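# A look at the structure
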Amino acid sequence: MAAEQEDQQQREEHLGVELDEDQFCCSVCLELLKEPVTIYCGHSYCRGCIEGCWDQEQEKGEFSCPQCRETFIPRPVLRRNNMLAEVVKTLKKTSTKADRPPQACGGPADVFCDFCSGTSRTRAAMSCLTCLASYCAAHLQPHYSVPVLKKHQLVSATVPLQDKMCAEHNKLMEFCCETDKQLVCSMCTLTKHKWHKFVSVSALKDKTKNHLDSSQKKVQKEVQQREEELQELSRAEESVKSRAQASLQDCDQIFGQLICSMQQRCSEVKRLVSAQEKAAVGRAEELKLQLEEEISRLRRRDAELEQLSHTDDHVYVMQVPDVLSTSCDSPEFKPAAAAPLRSFHDVTDCVSELRDELEVVLKDAWPRIATTVSYVDFSLPPAPKSREEFLRYCRPLTLDVTSSYPYLHLIQDNLRMRPSPSSYSAHPDRFTKVPQVLCREGLSERCYWELEWHARTLSAAVAYKDISRTSDQSQFGRNDKSWSLECTADGYLFRHNNIEKKVSGPPSCRVGVYLDYKAGALSFYHVNESMVLIHQVLDTFTQPLHPGVGLNYEWYDVGVFAQLVKLW
């Protein structure tokens, strides 16, 4: 027990050696903290000291920190700093009054009270810019009680006043020379800094404070935005979990239904085969009985004829023709077994054909299922809202001259298309039925682009590369491999897989297209001073998408063109 107490004492003494006692002194009373409390700015005081300071500021309604002068409204609620109290308690155990003077003395870099006398000068708590003097807590009290002194400007005594004085004129440096980037006094502004640009220290302080406040508000706004995004992400996470579980249950149920349906069909086929087998066997048994009876009858007839062939009775010989004629009266018998039977192998072939067809269906449907499942991705950033955010996703695009309609010529680095009487040569990738063209680039990420046009109709589209080029269904939106928004002066028409949908929106000579491939979202926007959504479609994309442009015009139309706007 004694050894444990000795170890504890040694640990406390070691702690006292490592810690600087001055670090735990109240800046008001300059003594070790008594019932320490920590205010919002992070500085700590004795509860009684800070309460006394704030009592003096009760009339103003603003409560400030004696060190950094940060203000608080309303008056903060003080709570005891338990950890700091334990440290101070340990310091008190490891030090004695003989080890330190009766008053806290400043170190060589401290600001001292200008009114304390004696060899042991007390550390100053505040400096008065009006009096140009520094005060300890005791000598500072008149500035809190005397009406005239209350109007003086007090600052924390962190820098000696001499450092705030002009060395040449011995005046307080109240201005900042923006030309030389240094602090100057009022006399300096009239002499060597006469033609320079100045700003008062108070104005500079206010400017800095405003800048800090603006930066703080910006940071707070970003924090709020990130917190909202975090909450949204948490909600999305919970939604994904619940929907994933629901999807698993639904898939189990659907596949269970498929399995049950196949088992039922299997049982039905077995029942039909067994019933057909039983019926066929029954008919065969009947035929067998008929054949056995016929065989018995024929054998009896054969025995009778054998007996007659060995008799010498002339009377019987006279009756032989009648007997022979009677034997020939047996009806012709053709058993069903002699006819060709349909083999049960045909049933096996039908079931095998069904299996092959189901395999084809599963093979075609599986990529769509797998792609749809892979769309869940938390790494995706939020969807853009402003045009500046959309422009972050623009990328270089180029119209593919090998896919262009023969009488649409590409100019301006293959960004603009216009009608031309001359034609391009034949190419297997060229659209031959409709005036339209695809871009070279295939997209499988986020991308944004804009189109400008002057024609009767513009088709802003995306399509798979294997879209038909020569059939009557090769026009954008007339097949299941392309999605198209047709723009006219009268309105909009969205088309996919030859299904049309009228879309309302303001007419525009510039259309923005935003593709979020992984999310399966394709959006069209009216682009002017602001972005106005015209139409959005959600679908599952299984191949890279190529931007496409189509035109509808007459040869006598003037100035027909469409072009990709160069945003990159």
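Residues numbered from 1 in each chain as written. Predicted model: local features only at pLDDT ≥ 70, side-chain atom pairs only at ≥ 80, totals over all residues. Heavy atoms only, no water.

## Concerning the overall build of the protein chain
- Along the backbone of the protein chain there are nine helices and 23 strands.
- Looking at the 568 residues of the protein chain, the share that counts as buried comes to 31%.
- Once local pairs closer than 6 in sequence are excluded, the contacts in the protein chain between residues at least 24 apart make up 55%. (Helix = DSSP H or I, 4+ residues; strand = E, 2+ residues; numbered from the N terminus. Buried < 20%, exposed > 50% of the residue type's maximum accessible area, 1.4 Å probe, protein only. Contact = heavy atoms within 4.5 Å.)

## Some thoughts on the packing of aromatic side chains
- Here the structure, examined in full by the defined rule, presents 15 aromatic pairs.
- Taking 5.3 Å as the distance between ring centres and 40° as the angle between the ring planes, the aromatic pair formed by Phe 390 and Tyr 448 counts as tilted. Here Tyr 448 lies in strand 14 (residues 446-454) and Phe 390 lies in helix 9 (residues 387-391), a separation of 58 residues in the sequence.
- For Phe 390, a relative accessible area of 1% puts it in the buried group. (Phe/Tyr/Trp six-rings, centres within 6.5 Å; stacked < 30°, edge-to-face > 60°.)

## Describing helix 4 (residues 137-145)
- Of all the residues in helix 4, the buried ones are Ala 137, Leu 140, His 143 and Tyr 144. End-on view of helix 4: buried residues confined to an arc of 95°, all on one side of the axis.
- Against the buried residues of helix 4 lie helix 2 (47-56), strand 5 (126-128), strand 6 (133-135), helix 5 (147-150) and strand 7 (154-156). (Arc of directions from axis to C-beta.)

## A look at the side chain of Ser 482
- As for its position among the elements, Ser 482 is in strand 16 (residues 482-487).
- Taking the relative accessible area as the measure of exposure, Ser 482 reaches 0% and is therefore buried.
- Within the structure, the side chain of Ser 482 is placed 2.7 Å from the backbone nitrogen of Gly 477, a separation counted as a polar contact.
- Non-local contacts of Ser 482, meaning those with residues more than four positions away in its chain, are made with Val 462, Ala 463, Ile 467, Gln 475, Phe 476, Gly 477, Arg 495, His 496 and Asn 497. (Polar contact = N/O pair within 3.5 Å; in protein donor to acceptor, adjacent residues only side chain to side chain.)

## Overview of the pairing of strand 16
- In terms of burial, strand 16 is largely enclosed, as six of its six residues are buried.
- The two faces of strand 16 match: Ser 482, Ser 484 and Glu 486 on one face and Trp 483, Leu 485 and Cys 487 on the other face are all buried.
- As judged from the five bridges shared by strand 16 and strand 17 (residues 492-496), these two strands associate in the antiparallel manner. Residue pairing in the sheet places Glu 486 in a bridge with Leu 493 of strand 17.
- Counting the residues that bridge the hairpin from strand 16 to strand 17 gives four residues, and of these Gly 491 lies at a positive phi of roughly 155°. (Pairing = 2+ DSSP bridges.)

## A short note on the sheet that holds strand 11 (residues 408-411)
- In spatial order, the strands read 11-12-23-14-19-20-21; together these seven strands make up an open sheet with antiparallel pairing. The open sheet terminates on both sides in strands that have one partner only, identified here as strand 11 and strand 21 (531-538). Here the strands of the sheet are splayed against their neighbours by 20° on average, with no regard to which way each runs.
- Relative to strand 19 (residues 510-516), strand 14 runs antiparallel, the two sharing seven bridges. Opposite Cys 447, over in strand 19, you have Leu 515 as the bridge partner. (Axes fitted to C-alpha atoms, helices over the stretch in contact; angles between N-to-C directions.)

## Some thoughts on a negative patch on the surface
- Taken together, the side chains of Asp 346, Asp 349, Glu 353 and Glu 357 define an acidic patch exposed on the protein surface.
- Positionally, Glu 357 belongs in helix 8 (residues 345-373).
- Judged by its relative accessible area of 43%, Glu 357 is partly exposed. (Patch = residues over 30% accessible without salt bridge, like charges linked within 9 Å, V, L, I, M, F, W, Y side chains within 5 Å. Areas by Shrake-Rupley, 256 points an atom, 1.4 Å probe, with all protein chains shown as cover. Salt bridge = Lys/Arg side-chain N within 4 Å of Asp/Glu carboxyl O. Lys, Arg positive; Asp, Glu negative; His and termini not counted. Charge placed at Lys NZ, Arg CZ, Asp CG, Glu CD.)

## Some remarks on the pattern of salt bridges
- With the rule as written, the count across this model stands at 19 salt bridges.
- Linking Asp 516 and Arg 446 is a salt bridge whose minimum nitrogen-to-oxygen distance equals 3.1 Å. Here Arg 446 lies in strand 14 and Asp 516 lies in strand 19, a separation of 70 residues in the sequence.
- Taking relative accessible area as the criterion, Asp 516 reaches 7% and is therefore assigned buried.

## Description of the confidence of the model for the protein chain
- Of the residues in the protein chain, 85% reach a pLDDT of 70 or more, and the chain-wide mean stands at 81.
- The model gives residues 336-340 a pLDDT under 50, and that stretch makes two contacts with residues more than four places away or in other chains. (pLDDT = per-residue confidence, 0-100.)

## As for the side chain of Thr 189
- Summarising the element assignment, Thr 189 is placed in the loop between strand 9 (182-184) and strand 10 (198-200).
- On the basis of relative accessible area, Thr 189 is assigned to the buried category, the value being 14%.
- Discounting chain neighbours no more than four positions away, the residues touching Thr 189 are Phe 175, Val 184, Lys 194 and Phe 198.

## Describing the nonpolar core
- Met 417, Trp 449 and Leu 522 are the most contacted members of the largest nonpolar core, which totals 40 residues.
- At four residues, strand 14 tops the list of elements feeding residues into this core.
- The contacts of Met 417, once residues within four sequence positions are left out, are Leu 399, Leu 408, His 409, Leu 410, Val 437, Val 549, Leu 551, Phe 561 and Ala 562.
- Formed by 22 residues, the second largest nonpolar core is a distinct cluster that contains Leu 32, Val 37, Phe 63 and Leu 84. (Core = buried A, V, L, I, M, F, W, Y, C linked by side-chain atoms within 4.5 Å.)

## Structural notes on helix 2
- Among all positions in helix 2, only Cys 49, Ile 50, Cys 53 and Trp 54 are buried. One side of helix 2 holds all its buried residues, which, seen down the axis, span an arc of 125°.
- Buried positions along helix 2 lie against strand 1 (36-38), strand 2 (44-46), strand 3 (63-64) and strand 4 (71-72).

## Points about the sheet that holds strand 7
- Read across the sheet, three strands follow the order 6-5-7 without closing on themselves; strand pairing throughout is antiparallel. Looking at the sheet topology across the chains shown, the edges are occupied by strand 6 and strand 7. This sheet shows a mean twist of 35° between the axes of neighbouring strands, independent of strand direction.
- Relative to strand 6, strand 5 runs antiparallel, the two sharing three bridges. By the bridge assignment for strand 6, Ser 127 is matched with Ser 134.
- Along the sheet face, helix 4 touches strand 5, strand 6 and strand 7 and points at about 110° away from the line of strand 6.

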